[in-house]
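What follows is the residue order along each chain.
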Amino acid sequence: MSVPFLYALVGIGLFCLGLHALIVHDHLLRKILAINVMGSGVFLVLVALARRGGDTPPDPVPHAMVITGIVVAVSATALALGLMLKVKEATGKNELPDRDRD
Amino acid sequence: MTLLAWAFDALLGLGLLLLAWRALACPDLFKAVVLFVAFGLLLALAWVRLEAPDVALAEAAIGAGLTGALLMAALARLGDD
Amino acid sequence: MKWRRWLLLPLILALAAGLGYTVLSLPDQAQGLQGAVADQLDKSGVSNPVTAVLLNFRGYDTLLEMVVLLLALLGVWSLGVQPAVRTESDPGPVLDTLTRLLVPVLVLVAAYLLWAGAHAPGGAFQAGAVLGAAGVLWLLTCGRPQHGLARLPLRIALVAGVATFMAIAALALQTGRQLLEYPPAQAGSLILLIEAMATVSIGVTLAALFLGAEPTDKE
């Protein structure tokens, strides 16, 4: 297995780890961490697949997309953290209220 | 591709997966945020290995540094009110 | 229901297997857009292909990304969260000395990354992020900014990047070209101007996102 495919598989693994943690945990900060890990996994797949050219330099368009993606991810994280703090202020709990808990 | 390079890539990939799992499964939130910052720095190394230096600079500064600062500040405000 | 928890792990493993199979069945060698970018690189005004793609070939995406940053800041300000640092902060000696040493170096590194983005790895986003880090360090030691600095100068610094980009785009429309089509002779200088304003904007936006609270007139 060559280098790009190794990193692409690591990226898929990160995405699935993040997805599992997003669904399983209730604490909002853990959900935000999980979403960031999922985003990092997707970026890893994109940049890894851009390096499949062999001897030619890597494809710069996915690099630009991932740089854009990193900046958008940090803005979304900042907004999500603000929302989490307001939920804590409004309800006093760190989790979202559920209607039918088991 | 030489054996040393392959071993480095395999270790880096394994380190990324391990750090992400520990960061998401750690019971203490402060430790989880610190592990997430370390994960971001290892990810910057992976970008360098994939010949993407611009992405590595952006990830180290924004992904690891600023996200870590945002998470720590939010964790502090979550704890005291 | 508790049995849903046991259903989750096989589903995620099936998803991982499906994605892994799809990725592994992609061809080993694939030419992306390297050739197309390399062909037009000398007409773009810079020699770093990633900067050329970000600021020239896909400049529209970068413009919208800067707007997304501003929108996130608007969202955080409209939520009205408590600020990340209190008005009177008491940094210990380590943070104080570190900030005095690091902030000038960080500003210098940001200026270098901005300049080097044209021919080496670097560019506006990396420089803006380093400036944002300097801003965060400054906020952690000096506390919140005084009100003279906080109203109009802050707003001008925040919109400078998007405003410059849109002004240059409109100028291109005025002189009969397409939107965001730079004249090839001045493309390098236009890109540098956009990147300089974008660096300041991104740095100030990231530091303001860290602080979280909208600056009022009272402090």
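Residues numbered from 1 in each chain as written. Chains lettered and ligands numbered in written order. Predicted model: local features only at pLDDT ≥ 70, side-chain atom pairs only at ≥ 80, totals over all residues.

## Here we look at the overall build of chain C
Moving on, step 1. A count of helical and extended segments in chain C gives nine helices and zero strands.
Moving on, step 2. Ordered by position from the N terminus, the helices and strands of chain C form the series α-α-α-α-α-α-α-α-α.
Moving on, step 3. Dimensions of chain C, computed from C-alpha atoms along their principal axes, come out at roughly 65 × 60 × 35 Å. (Helix = DSSP H or I, 4+ residues; strand = E, 2+ residues; numbered from the N terminus.)

## Observations regarding the overall build of chain B
Moving on, step 1. For chain B, the helix and strand inventory stands at three helices and zero strands.
Moving on, step 2. Helices and strands appear in chain B in the N-to-C order α-α-α.
Moving on, step 3. Compactness check: chain B gives a C-alpha radius of gyration of 15 Å against a globular reference of 12 Å for 81 residues, more than 25% above the reference.
Moving on, step 4. Taken over the C-alpha atoms alone, chain B extends approximately 55 × 25 × 10 Å along its principal axes.
Moving on, step 5. Buried residues in chain B amount to 46% of all 81 residues.
Moving on, step 6. Residue pairs at least 24 apart in sequence account for 44% of intrachain contacts in chain B once pairs closer than 6 positions are excluded. (Rg over C-alpha atoms; globule rule 2.2 N^0.38 Å. Buried ≥ 20, exposed ≤ 12 C-beta atoms within 10 Å, placed from the backbone. Contact = placed C-beta atoms within 7 Å.)

## Details of the interface of chain A and chain B
Moving on, step 1. At the interface, 35 residues of chain A touch 33 residues of chain B.
Moving on, step 2. Counting residues per element, the ones that place at least two in the side of chain A that touches chain B are helix H1 (3-24), helix H2 (28-49) and helix H3 (60-91) of chain A.
Moving on, step 3. A per-element tally of the side of chain A that touches chain B places H3 of chain A first, with 13 residues.
Moving on, step 4. Of the residues belonging to the side of chain A that touches chain B, the class tally is 24 nonpolar, seven polar and four charged. (Nonpolar A, V, L, I, M, F, W, Y, C, P; charged D, E, K, R; others polar.)

## Topic: the confidence of the model for chain C
Moving on, step 1. This prediction gives chain C a mean pLDDT of 88; 93% of its residues lie at or above 70.
Moving on, step 2. Here the predicted complex scores 0.93 on pTM and 0.92 on ipTM. (pLDDT = per-residue confidence, 0-100.)

## Describing the packing of H2 of chain A against helix H1 (residues 3-25) of chain B
Moving on, step 1. With their axes 10 Å apart at the nearest point, H2 of chain A and H1 of chain B run at an angle of 165° to one another. Here H1 of chain B runs roughly antiparallel to H2 of chain A, going by the angle between their axes. Both H2 of chain A and H1 of chain B take part in a crossing whose hand is left-handed. On H1 of chain B, the residues touching Arg30, Leu33, Ala34 and Val37 of chain A of H2 of chain A are Ala20, Ala23 and Leu24 of chain B.
Moving on, step 2. By residue class, the composition of the contact of H2 of chain A with H1 of chain B is six nonpolar, no polar and one charged. (Axes fitted to C-alpha atoms, helices over the stretch in contact; angles between N-to-C directions. Parallel < 35°, antiparallel > 145°, perpendicular 65-115°, else oblique. Left-handed = near helix turned anticlockwise from the far one by under 90°.)

## Points about the interface of chain C and chain A
Moving on, step 1. The interface of chain C with chain A comprises 37 residues on the first partner and 37 residues on the second.
Moving on, step 2. Listing elements by their share of the side of chain C that touches chain A, those giving two or more residues are helix H1 (3-24), helix H2 (34-40), helix H3 (49-57) and helix H4 (59-79) of chain C.

## Digging into H3 of chain A
Moving on, step 1. Taking 1.5 Å as the rise per residue, H3 of chain A with 32 residues should run 46 Å; its terminal C-alpha atoms sit 46 Å apart, in good agreement.
Moving on, step 2. Backbone geometry just after H3 of chain A places glycine 92 of chain A at a positive phi near 80°. (Expected span 1.5 Å × (residues − 1).)

## Notes on the nonpolar core
Moving on, step 1. Residues Val47 of chain A together with Ala129, Val130 and Phe210 of chain C are the most contacted members of the largest nonpolar core, which totals 120 residues.
Moving on, step 2. The residues touching valine 47 of chain A, leaving out its near neighbours within four places in the chain, are Pro62, His63 and Val66 of chain A together with Trp47, Leu50, Ala52 and Val55 of chain B. (Core = buried A, V, L, I, M, F, W, Y, C linked by C-beta atoms within 7 Å.)

## What about unusual backbone geometry?
Moving on, step 1. With phi around 60°, glutamate 51 of chain B is a residue other than glycine that occupies positive phi space.
Moving on, step 2. Looking at the secondary structure, you find glutamate 51 of chain B in the loop between helix H2 (29-49) and helix H3 (53-80).
Moving on, step 3. We note that leucine 180 of chain C has phi near 65°; this positive angle belongs to a residue other than glycine.
Moving on, step 4. Structurally, the position occupied by leucine 180 of chain C is in the loop between helix H8 (152-174) and helix H9 (187-211).

## So, the packing of H2 of chain A against H3 of chain A
Residue and element names in this part refer to chain A.
Moving on, step 1. At their nearest, the axes of H2 and H3 sit 10 Å apart, and the two run at 175° to each other. Taken together, H2 and H3 sit at an angle that is classed as roughly antiparallel. On H3, the residues touching Leu28, Leu29, Ile32, Asn36, Gly39, Phe43, Leu46 and Val47 of H2 are Pro62, His63, Met65, Val66, Gly69, Ile70, Ala73, Thr77, Ala80, Leu81, Met84 and Val87.
Moving on, step 2. In terms of residue class, the contact of H2 with H3 is made up of 15 nonpolar, five polar and no charged.

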